[in-house]
Protein chains: 2
Amino acid sequence: MSTTRQRVRESGADAGSHDATRRALLDAAADVFAEVGFRQATIRDICKRAAANVAAVNYHFGDKETLYAEVLTEQSRLAMRLHPSPPDDPAVPAAIRLEQFVRSFLQRVLSAELSARHGRMMAREMVDPTRALDRLVKESIRPNALQLSSILRDLAGQGTTEEVLRLAGMSIVGQILFYCHCQPVVRRLFPESPYDAGQLEQLTRHITDFSLSALRGLSASGSPSRRRPQTKRRRART
Amino acid sequence: MSTTRQRVRESGADAGSHDATRRALLDAAADVFAEVGFRQATIRDICKRAAANVAAVNYHFGDKETLYAEVLTEQSRLAMRLHPSPPDDPAVPAAIRLEQFVRSFLQRVLSAELSARHGRMMAREMVDPTRALDRLVKESIRPNALQLSSILRDLAGQGTTEEVLRLAGMSIVGQILFYCHCQPVVRRLFPESPYDAGQLEQLTRHITDFSLSALRGLSASGSPSRRRPQTKRRRART
DNA sequence: GACAGATTCAAACACGTGTTTCAAACTCCC
DNA sequence: GGGAGTTTGAAACACGTGTTTGAATCTGTC
């Protein structure tokens, strides 16, 4: 088992032991935070993996929370750099842009080359937020939501209200995040599910098709939301 | 601030102080586990809310994990009793059964009268599983998944493969769970979102419409999954 | 009322946590 | 090579954790 520190130091680019230790800490911390979350992660575990002393975190970052914040933004930028959202190019058909949006989103949160670190950390932030969530929303979640809105606006019919667009956006993001947030359950329900690149591509196509098909139907059924008179609310009677 | 214990004792039905303490512990534990999760919850906090001694948990339940397991199944059964899944009645149109499935699911995980305890605990189990997850999958998640499959089988066209049914099911559950798992984000993106009974009903209708519309499209487009030749994989450039 | 058993209680135990301390080792520059 | 400044290291600190202990109190029964 080679420590992160060794990997960093052997990989050349050793700009002094200060930066090497800092790098090793960031890498080890990314693994640990993704595996067990901010609160459950221990500085001792991180430092052991980075082959650094327990005091290293406080020396280089001040405290655990600052280290976490740096890891979070670094992983977020890394994921966005490796799998960027599609450009907002009006020349590209909106359906294609939606597919690209879904694909890049899925890859950011699930692709193996990132060990799904970003996705796991995001999932934890949503279910069990830390003080870092506000910045995360501002810097990466909200921009993403706005981009999806813009794609959906192009896709939907003229009469579609902002509210329907918002709901449709959440339906799409919900489908994507399901595979990220519920991975332990999906693996138990469908043990044959590989969660590899091939399946990611299959998921991309399914979510895109499912959502495009849904949007076509919603546009076709027109704007009035007063439909379905047959079902009164809550009339289950066994 | 009245403690759970007081509430229990004042509410009559005091079948001896043993059972009263046990009940108070279960209630307090449900609140705490839902608020901060199994690992972050402390026995001292639970006992303080239950107005019981620190040793009470070990005396009545053995240890923290056993208490957690009991809370989990109790809350799960409570949610299922208050908002049961629709019966598998072939006389009811599948579209209606889907709507009832979505509504009861949303109510189980989000409705205020349960303080969304069940939903929060489930969300935590999925993102950060404990040893209780296996039983949860076996006793409540898998049966639910099977019921959804049965509804979808009735809804989809004849040629629909098991795999497409599975994917569609996950698309639907993903939409439902999004509002549960991502509540902190949704509240930040849309501060006006009330998360009340009215919105639950609106969500029920949206998710049902969206999904029915999607399924109609998928059935119509036929079984062959080899479509969309125009987009080669990963050709983003820029 | 007295006794056995059940229940509660304050205190303690053993351990793990984030953080701090300060001396030792190292680095860099002259 | 020496010394200032940086970085590391082992140890300790203060606190919070789940669990245990054994005495005190309560409960029901004769």
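If you're wondering where the values come from, they're calculated on a predicted model, not measured in any experiment.

(A) Structural context of the interface of chain A and chain B. The interface of chain A with chain B comprises 64 residues on the first partner and 64 residues on the second. Summing both sides of the interface, chain A and chain B together bury roughly 5,900 Å²; the carbon and sulfur share of this comes to 62%. Put simply, chain A and chain B have six salt bridges between them. It is helix 11 (residues 197-220) of chain A that provides the largest number of residues to the side of chain A that touches chain B, a total of 15 residues. Among the residues making up the side of chain A that touches chain B, the classes are represented as 29 nonpolar, 17 polar and 18 charged.

(B) Structural detail: the nonpolar core. With 133 residues, the main nonpolar core has Phe33(A) and Phe33(B) as its most contacted residues. In this view, Phe33(A) contacts Phe38(A), Ala41(A), Ile46(A), Lys64(A), Leu67(A), Tyr68(A), Val71(A), Met121(A) and Arg124(A); residues no more than four positions away in its chain are not counted.

(C) Main features of the domain arrangement of chain A. Residue and element names in this part refer to chain A. Assigned domains within chain A: domain 1 (14-62) and domain 2 (72-221). Listed per partner, the contact involves 11 residues of domain 1 and nine residues of domain 2. When the two sides are added together, the surface that domain 1 and domain 2 hide from each other amounts to roughly 770 Å², 47% of it contributed by carbon and sulfur. Contact with domain 2 buries surface across domain 1, with Ala30, Ala34 and Arg39 losing the most and accounting together for 53% of the total. The tally of links between domain 1 and domain 2 comes to three salt bridges. Across the pair Asp128 and Arg39 runs a salt bridge whose closest N-O atoms are separated by 3.4 Å. In this structure, the connection of domain 1 to domain 2 is made through seven residue pairs in polar contact (both at pLDDT 80 or more). In the side of domain 1 that touches domain 2, the residues fall into six nonpolar, one polar and four charged.

(D) Structural view of the pattern of salt bridges. Tallied over the full model, the rule gives 36 salt bridges over all chains. With its nearest N and O atoms 3.7 Å apart, the salt bridge here joins Glu139(A) to Arg135(A). You can see Glu139(A) and its partner Arg135(A) sitting in helix 8 (residues 133-155), four residues apart, about one turn around the helix. Arg135(A) gets classed as partly exposed once you look at its relative accessible area, which sits at 30%. Between Arg188(A) and Asp134(B) there is a salt bridge, with its nearest N and O atoms 2.7 Å apart. Remark: Asp134(B) occurs in helix 8 (residues 133-155) and Arg188(A) occurs in helix 10 (residues 183-189); the pair is interchain, linking two chains. Under the relative-accessibility criterion, Arg188(A) is labelled partly exposed at 29%. Residues joined in a network through salt bridges with shared partners are Glu99(A), Arg103(A), Glu201(A) and Arg205(A).

(E) Quick look at the relation of the copies chain A and chain B. The operation relating chain A to chain B is a screw motion whose rotation component is 180 degrees, with 0.0 Å of axial translation and a residual RMSD of 0.0 Å. Such a turn and shift between the copies fits a two-fold axis. By C-alpha distance to the rotation axis, the residue of chain A lying nearest is Ala214(A), at 1.9 Å. Interface overlap between copies is the fraction of interface residues in one copy that are interface residues in the other; for chain A against chain B it reaches 98%, indicating a shared surface.

The rules behind the values
Residues numbered from 1 in each chain as written. Chains lettered and ligands numbered in written order. Predicted model: local features only at pLDDT ≥ 70, side-chain atom pairs only at ≥ 80, totals over all residues. Heavy atoms only, no water. Contact = heavy atoms within 4.5 Å. Buried area = accessible area lost by both parts, 1.4 Å probe. Salt bridge = Lys/Arg side-chain N within 4 Å of Asp/Glu carboxyl O. Helix = DSSP H or I, 4+ residues; strand = E, 2+ residues; numbered from the N terminus. Nonpolar A, V, L, I, M, F, W, Y, C, P; charged D, E, K, R; others polar. Core = buried A, V, L, I, M, F, W, Y, C linked by side-chain atoms within 4.5 Å. Buried < 20%, exposed > 50% of the residue type's maximum accessible area, 1.4 Å probe, protein only. Domains from an automatic or database assignment. Polar contact = N/O pair within 3.5 Å; in protein donor to acceptor, adjacent residues only side chain to side chain. Least-squares fit on C-alpha atoms with pLDDT ≥ 70 in both.

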